[in-house]
Amino acid sequence: MTDLSAVKTALKSQEIETPSWGYGNSGTRFKVFAQPGVPRDPFEKLDDAAQVHAATGVAPLVSLHIPWDAVDDYAELAAHAKERGLRLGAINANTFQEDDYKLGSVTHPDPKVRRKAVDHLLECVDIMDATGSRDLKLWFADGTNYPGQDDITARQERLAEALSEVYARLGEDQRMVLEYKLFEPAFYTTDVPDWGTSYAHCLKLGPRAKVVVDTGHHAPGTNIEFIVAFLLREGRLGAFDFNSRFYADDDLMVGSADPFQLFRILHEVAKNGGFEKEQEVAFMLDQCHNIEAKIPAVIRSVMNVQEATAKALLVDLDALRAAQAAGDVLGANAVLMDAYNTDVRPLLREVREEQGLDPDPLAAYAATGWQDHIVATRVGGTQAGWGA
Ligand code: AOS
Ligand code: ZN
Ligand code: ZN
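Residues numbered from 1 in each chain as written. Chains lettered and ligands numbered in written order. Predicted model: local features only at pLDDT ≥ 70, side-chain atom pairs only at ≥ 80, totals over all residues.

- The protein chain has the name L-rhamnose isomerase in an unreviewed UniProt entry, where Streptacidiphilus monticola is given as its organism.

See the structure below:
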C-alpha cells in the first residue's frame, strides 16, 4: 500500500522551475503575437513568476537566459527574486543568435568564433556567481546542413575542448547541464543530437556535468522514460526541460499532448529516487505560450507536472515488484495503470489547503487582479527572444 502522507509530503516539497522566456512574447518564424501586459524587463518577469509561485506553492525557481535577461546588476536581480520568495535557477547560455555563429559556436571551424562562444559561457558562470545559480545550462544550435560541410569528429573535438575549459571554471557547488536535441536549427548533423553524446561528454568532464532531457528533443516514438531511468541509474540526470510536442520541438504546455508519457517519465523518476533532494534533478519547464495567456499557462503547466507526479507517487511499488518478480505481465501493468487512472485532483486540492493555499490555483490567480494590473501598467512588453 502506498503511504498517502509520504505522497503528500513529497508533493509539498516539490520544486518546479519556470523559464523567464515563458512570460514574454514568443511565436514562430511566421508571427509573434504580442500580448498586453507582458514583462518589459527581467525584474517584471520575476514579478510574474512570483504570481505562479503564490498560486501553486511549488514554483520558487526561475531560469534566466543570457542575454535576453541581461541586467547591469545581477545581485540586484537575485535580491528582487528573494524579496518575492523566489530563487534564480539555471543560467541558459545563448550562442545561437549572432551572425558569427552561422557555422556553429563552440564547434565553429574558426578558433576566433570558438573563443567568443567560450567567453560567453565563462561570462555566464560569472553571472551564476552573482545570482547564486547552481546550473549552467548549455544547449548548442551547432551542427551542419549538408553532407561534407564540416568534419563531424573535428567538431566533437572542438566541443570537448570548449566544455572542458568551462567545466574547469565552475565553482564547487556549480554544475554544467548539457542539453541534446535531435535537429533544428541544423538539419543534417547536430553536434549534441542525443542523450548518448551528451552523456559521453559529461562522463569525460566529471561528476558535475549532467544531462538535460528536454521532452521535445527526440525522434517521434523515442522511449524517453528509458533514457530517464538509465541516466538516473548512472547519476547523470541533471535536469528536465518539460514541454509537450505533437510533431517536433513544439514547446507546448507540459502534460497537454501526452499526459501518459509524462506519468511514465515521472514514474521512473519516483522509482529511481529522482525526487530525493540529494539527486539534484532540476524540474524545469522550457515552454513558450504563443497564443494562450502566459501566467495561467505556466500555472496550468505546473499543475500538470503536479498531477503526473502525484500519480507516479501513487504507484504501489511493492505490488509492482511482486507482480514483476512473479512474471505477472498483466498484473504489473495493472498496478501502473491503476495509479495513472486515479483522479488525483482531490488529493492535490487537499495538499494545497494543508499548505494554506487556494485549492484552485487558476481561480486564485484570477482573483488577485494581477492580470488587469499588468495590462494597465505595462506598456511595450518585450519579446522572449524566440521567433524574433
Ligand atoms: C532549444 O531548443 C532548447 O530547448 C533550449 O533549452 C531552450 O529553449 C533555450 O536555451 C532557451 O533558453
Ligand atoms: Zn530546452
Ligand atoms: Zn527546445
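Digging into the overall build of the protein chain
Piece 1. Per the secondary structure count, the protein chain includes 14 helices and 10 strands.
Piece 2. The C-alpha atoms of the protein chain give a radius of gyration of 21 Å, which matches the 21 Å a tight globule of 388 residues would have.
Piece 3. Counting only C-alpha atoms and orienting by the principal axes, one finds that the protein chain spans roughly 60 × 60 × 40 Å.
Piece 4. Per-residue burial for the protein chain yields a buried fraction of 47% across its 388 residues.
Piece 5. Long-range pairs, those at least 24 residues apart, make up 78% of the contacts in the protein chain between residues at least 6 apart in sequence. (Helix = DSSP H or I, 4+ residues; strand = E, 2+ residues; numbered from the N terminus. Rg over C-alpha atoms; globule rule 2.2 N^0.38 Å. Buried ≥ 20, exposed ≤ 12 C-beta atoms within 10 Å, placed from the backbone. Contact = placed C-beta atoms within 7 Å.)

Here's the deal with the environment of Phe 283
Piece 1. Inspection of the secondary structure assignment puts Phe 283 in strand S10 (residues 282-285).
Piece 2. Residue classification places Phe 283 among the buried positions, given that 23 C-beta atoms sit within 10 Å.
Piece 3. Residues Phe 283 and Asp 69 lie 214 residues apart in sequence; the distance between their C-alpha atoms is 20 Å.
Piece 4. Dropping the residues within four chain positions of it, Phe 283 is found in contact with Glu 15, Ile 16, Glu 17, Phe 240, Phe 242 and Val 305.

Some points on the site of ligand 1
Piece 1. Ligand 1 sits among Trp 21, His 65, Asn 92, Trp 139, Glu 179, Lys 181, Asp 214, Asp 241, Asp 249 and Asp 286.
Piece 2. By residue class, the composition of the shell around ligand 1 is two nonpolar, two polar and six charged. (Near = placed C-beta within 6 Å. Nonpolar A, V, L, I, M, F, W, Y, C, P; charged D, E, K, R; others polar.)

Structural notes on the sheet that holds S10
Piece 1. In spatial order, the strands read S1-S2-S3-S4-S6-S8-S9-S10; together these eight strands close into a barrel with parallel pairing. In this sheet, adjacent strand axes meet at a mean angle of 30° when their direction is disregarded.
Piece 2. Helix-sheet contacts for helix H6 (residues 195-205) involve strand S6 (175-179) and strand S8 (209-214), and the interaxial angle to S8 is about 165°. (Pairing = 2+ DSSP bridges. Axes fitted to C-alpha atoms, helices over the stretch in contact; angles between N-to-C directions.)

Notes on the pairing of S8
Residues in a regular strand project their side chains so that they alternate between the two faces of the sheet.
Piece 1. In terms of burial, S8 is a largely internal element, six of the six residues being buried.
Piece 2. Sheet topology note: the S6/S8 ladder contains four bridges and is parallel. Counterpart to Glu 179 in the pairing with S8 is Val 212.
Piece 3. Once you follow S8 into helix H7 (residues 224-233) and on to strand S9 (residues 237-242), the crossover reads as right-handed. (Right-handed = clockwise from strand over helix to strand, strands pointing away.)

Concerning the nonpolar core
Piece 1. Of all hydrophobic cores here, the largest spans 96 residues; its most connected members are Leu 178, Val 211, Val 213, Val 228 and Val 302.
Piece 2. Sort the elements by how many residues they give to this core and helix H9 (residues 294-314) lands first, with 11 residues.
Piece 3. Dropping the residues within four chain positions of it, Val 211 is found in contact with Leu 178, Trp 195, Ser 198, Tyr 199, Cys 202, Leu 231, Arg 236, Leu 237 and Gly 238. (Core = buried A, V, L, I, M, F, W, Y, C linked by C-beta atoms within 7 Å.)

Section: the environment of Ile 91
Piece 1. Its place among the elements puts Ile 91 in strand S3 (residues 87-92).
Piece 2. Since 27 C-beta atoms lie within 10 Å of it, Ile 91 is described here as buried.
Piece 3. Taking the C-alpha atoms as reference, Ile 91 lies 41 Å from Met 1; in sequence the two are 90 residues apart.
Piece 4. Those residues in contact with Ile 91, other than ones at most four positions away along the chain, are Leu 64, Ile 66, Cys 124, Ile 127, Met 128, Thr 131, Ser 133, Leu 136 and Lys 137.

Here's the deal with the packing of helix H4 (residues 111-131) against helix H5 (residues 152-169)
If you want to describe how two helices pack, look at the angle between their axes and the distance between the axes.
Piece 1. Running from N to C, H4 and H5 point in directions that differ by 25°, and their axes come no closer than 10 Å. On the basis of the axis angle, H4 is roughly parallel to H5. You can see that H4 and H5 cross each other, and the crossing is right-handed. Contact residues: Arg 114, Ala 117, Val 118, Leu 121, Leu 122 and Val 125 in H4; Arg 158, Ala 162, Glu 165, Val 166 and Arg 169 in H5.
Piece 2. Across the contact of H4 with H5, the residue classes tally to seven nonpolar, no polar and four charged. (Parallel < 35°, antiparallel > 145°, perpendicular 65-115°, else oblique. Left-handed = near helix turned anticlockwise from the far one by under 90°.)

A short note on unusual backbone geometry
Piece 1. Cis geometry marks the peptide bond from Ile 66 to Pro 67; its omega dihedral reads 20°.
Piece 2. Tracing the chain through its elements places Pro 67 in the loop between strand S2 (61-65) and helix H3 (74-83).
Piece 3. In this structure, Pro 185 follows Glu 184 across a cis peptide bond, with omega equal to 10°.
Piece 4. Note on placement: Pro 185 falls in the loop between S6 and strand S7 (189-190).

Here's the deal with the UniProt feature "domain: Xylose isomerase-like TIM barrel" (unreviewed entry) in the protein chain
Piece 1. The feature "domain: Xylose isomerase-like TIM barrel" (unreviewed entry), as annotated in UniProt, sits at residues 72-268 in this numbering.
Piece 2. For residues 72-268, helix accounts for 41% and strand for 16%, while the C-alpha atoms at its two ends are 41 Å apart. (UniProt positions renumbered as here; feature names shortened; annotations may be inferred.)

Some points on the packing of helix H2 (residues 42-56) against H9
Piece 1. Closest axis-to-axis distance for the H2/H9 pair is 10 Å, and the angle between their directions is 40°. When the interaxial angle is binned, H2 and H9 end up oblique. The handedness of the crossing between H2 and H9 is right-handed. Here Asp 48, Gln 51, Val 52, Ala 55 and Thr 56 of H2 lie close against H9, whose contacting residues are Ile 295, Val 298, Ile 299, Val 302 and Met 303.
Piece 2. Along the lines of polarity and charge, the residues of the contact of H2 with H9 split into seven nonpolar, two polar and one charged.

Considering the confidence of the model for the protein chain
Piece 1. Per-residue pLDDT for the protein chain averages 97, and the proportion of residues at 70 or more is 99%.
Piece 2. With a pTM of 0.97, the predicted complex shows an ipTM of 0.97. (pLDDT = per-residue confidence, 0-100.)

Description of the pairing of S2
Piece 1. Burial of S2 is extensive: five of the five residues sit out of reach of the surface.
Piece 2. Side chains Leu 61, Ser 63 and His 65 project from S2 onto one buried face, and the interleaved Val 62 and Leu 64 project onto a second face that is buried too.
Piece 3. With three bridges connecting them, strand S1 (residues 16-19) and S2 associate as parallel partners. When the sheet's bridge partners are listed, Thr 18 is paired in S2 with Val 62.
Piece 4. The parallel pair S1 and S2, bridged by H2, forms a crossover whose chirality is right-handed.
Piece 5. The sheet contact formed by S2 and S3 spans four bridges and is parallel. When the sheet's bridge partners are listed, Leu 64 is paired in S3 with Ile 91.

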